[in-house]
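As a plain string of letters, each chain reads:
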Protein chains: 2
Amino acid sequence: MSTPRRTDARRNRARLVAAAAELFDEVGADATAMNDVARRAGVGPGTLWRHFADKDALIAEVVGDSLDNLAALAADLRAEPRALRRWVVELVRHISRYRGLVDAIAHAGPDGPLGGRCHAVEAATADLVERARAQGEVRADLTATEVVRLAMAVAWVNEAVTPPDTADRLLSLIFEGVDR
Amino acid sequence: MSTPRRTDARRNRARLVAAAAELFDEVGADATAMNDVARRAGVGPGTLWRHFADKDALIAEVVGDSLDNLAALAADLRAEPRALRRWVVELVRHISRYRGLVDAIAHAGPDGPLGGRCHAVEAATADLVERARAQGEVRADLTATEVVRLAMAVAWVNEAVTPPDTADRLLSLIFEGVDR
DNA sequence: GGATAATACGGAGTATCACTCCGCTTCGGC
DNA sequence: GCCGAAGCGGAGTGATACTCCGTATTATCC
């Protein structure tokens, strides 16, 4: 299924991913009419759903490379000071790439196509949290799960409300704290 | 519309609100089949939608009293120490009352039925932020809008992910800060 | 290059759900 | 009790994620 045998099938699959990426850019990954993805790719709806089990699988395919690159970035950041903070900024940016993406990620089961793509990101976060704690840069009781959730929370609220704050501002509040 | 003339209409309206509150408790305010609300109230779908312009109006009616009580609470908190922190805890609790409620609030236009119900809450937040800043309890550049958004972000992430953290834990991270 | 089986396509169809429309019923002032 | 206004019921609508299957295309074997 992931790499179809016939050449027309491979071509159509690539077209579908490209069309979906375009439409996600334009109208977001949430309310998009999936039939439009098929139409833009020049295929029928049936073809769309033979290549992707459901909407989540399509989203996972579209953002997959982006998430993989993100996870790879963690290695570069490791040695730098305040790596965790920089990492979270990138994390928020990536999961805000398309409108509705955070929501899809949050509601994706860990074993689904989208959730699976996130494992490397979670592992990278855990690594950076561990290092930041060792350096004494962050509070000792901070967990990777909490960091991911705070990032998702920021990404969500920024796309849910109008006008959006800058993500940087909310992250500044969270990292440096609201209290004085 | 808000107070129908005929007694049967008033009775049906009350039944609809009660039925909606029950269903929101059971399955949340998001994916609820609105027809079920009508059926549980013992009326037809047409009756539901004559009393409430749309789903948002129904939600607003169900949570209206709760939000009004919340806004009233702000007055009691004003004089207490760390009033803002306590306020935000209550704020998160109220907007997490039903699954899907935060989402509905976030996407409600400020002039819609739900958005309108939130104005008093926003005003109360602004008041408490102002006082907290004056006391030097929080950073001087903190705005009420930011506080509301952080509360919504926490409420959302707690219902979006499994297993949920406690809201208190995330609020602790946010108020006291992640950095050391 | 033709036959054949495996593979893939198209698009009408389905289920679900928020919401609408309108003919019929019920209420309540007189 | 009459009658107009107010309200009701529920089939219908439009949008949309997803399915089914008869048909077309491709790859393989000779």
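What counts and what doesn't
Residues numbered from 1 in each chain as written. Chains lettered and ligands numbered in written order. Predicted model: local features only at pLDDT ≥ 70, side-chain atom pairs only at ≥ 80, totals over all residues. Heavy atoms only, no water. Helix = DSSP H or I, 4+ residues; strand = E, 2+ residues; numbered from the N terminus. Expected span 1.5 Å × (residues − 1). Bend = angle between axes of the 7 residues up to and from the residue. Buried < 20%, exposed > 50% of the residue type's maximum accessible area, 1.4 Å probe, protein only. Contact = heavy atoms within 4.5 Å. UniProt positions renumbered as here; feature names shortened; annotations may be inferred. Near = heavy atom within 4 Å. Polar contact = N/O pair within 3.5 Å; in protein donor to acceptor, adjacent residues only side chain to side chain. Nonpolar A, V, L, I, M, F, W, Y, C, P; charged D, E, K, R; others polar.

By the naming in an unreviewed UniProt entry, chain A is AcrR family transcriptional regulator, taken from Actinokineospora auranticolor.

Novice: Account for helix 4 (residues 55–77) of chain B, naming residues and giving values.
Specialist: All names here are of chain B. With 23 residues, helix 4 extends 32 Å from end C-alpha to end C-alpha; this agrees with the ideal 33 Å at 1.5 Å per step. Remark: the principal bend of helix 4, roughly 50 degrees, maps to valine 63. Of the positions making up helix 4, those classed as buried are Ala57, Leu58, Ile59, Ala60, Val62, Val63, Gly64, Leu67, Leu70, Ala71, Ala74 and Leu77. Buried-residue contacts for helix 4 involve helix 1 (7–27), helix 2 (34–41), helix 3 (45–51), helix 5 (83–95), helix 6 (101–107) and helix 7 (113–134).

Novice: Would you mind going over the environment of B:Asp25 in detail, with residue names and values included?
Specialist: Residue position: B:Asp25 is located in helix 1. In this structure, B:Asp25 is in contact with B:Arg97 and B:Tyr98, ignoring residues within four places of it in sequence.

Novice: Can you tell me about the UniProt feature "DNA-binding region" (unreviewed entry) in chain A, naming the residues and giving the values?
Specialist: Those places that UniProt annotates as "DNA-binding region" (unreviewed entry) correspond, in this numbering, to residues 33–52 of chain A. The distance from the first to the last C-alpha atom of residues 33–52 of chain A is 15 Å, and the span holds 75% helix and 0% strand.

Novice: Can you tell me about the protein's contact with DNA strand D, naming the residues and giving the values?
Specialist: In the region of DNA strand D, 25 residues are neighbours, and A:Met34, B:Arg6, B:Asn12, B:Gly46 and B:Arg50 sit closest. What you see for DNA strand D is that sugar and phosphate hold 59% of its atoms within 4 Å of the protein. Within the side chain of B:Arg6, a nitrogen or oxygen atom sits 2.4 Å from a base nitrogen of DNA strand D. Between DNA strand D and B:Gly44, the relevant distance is 3.0 Å, taken from a phosphate oxygen to a main-chain nitrogen or oxygen of the residue. Among the elements of the structure, helix 1 (7–27), helix 2 (34–41) and helix 3 (45–51) of chain A together with helix 1 and helix 3 of chain B are those that each provide at least two residues to the surface near DNA strand D. In terms of residue count, helix 3 of chain B provides more of the surface near DNA strand D than any other element does, five residues in total. Considering only residue class, the surface near DNA strand D consists of seven nonpolar, 10 polar and eight charged.

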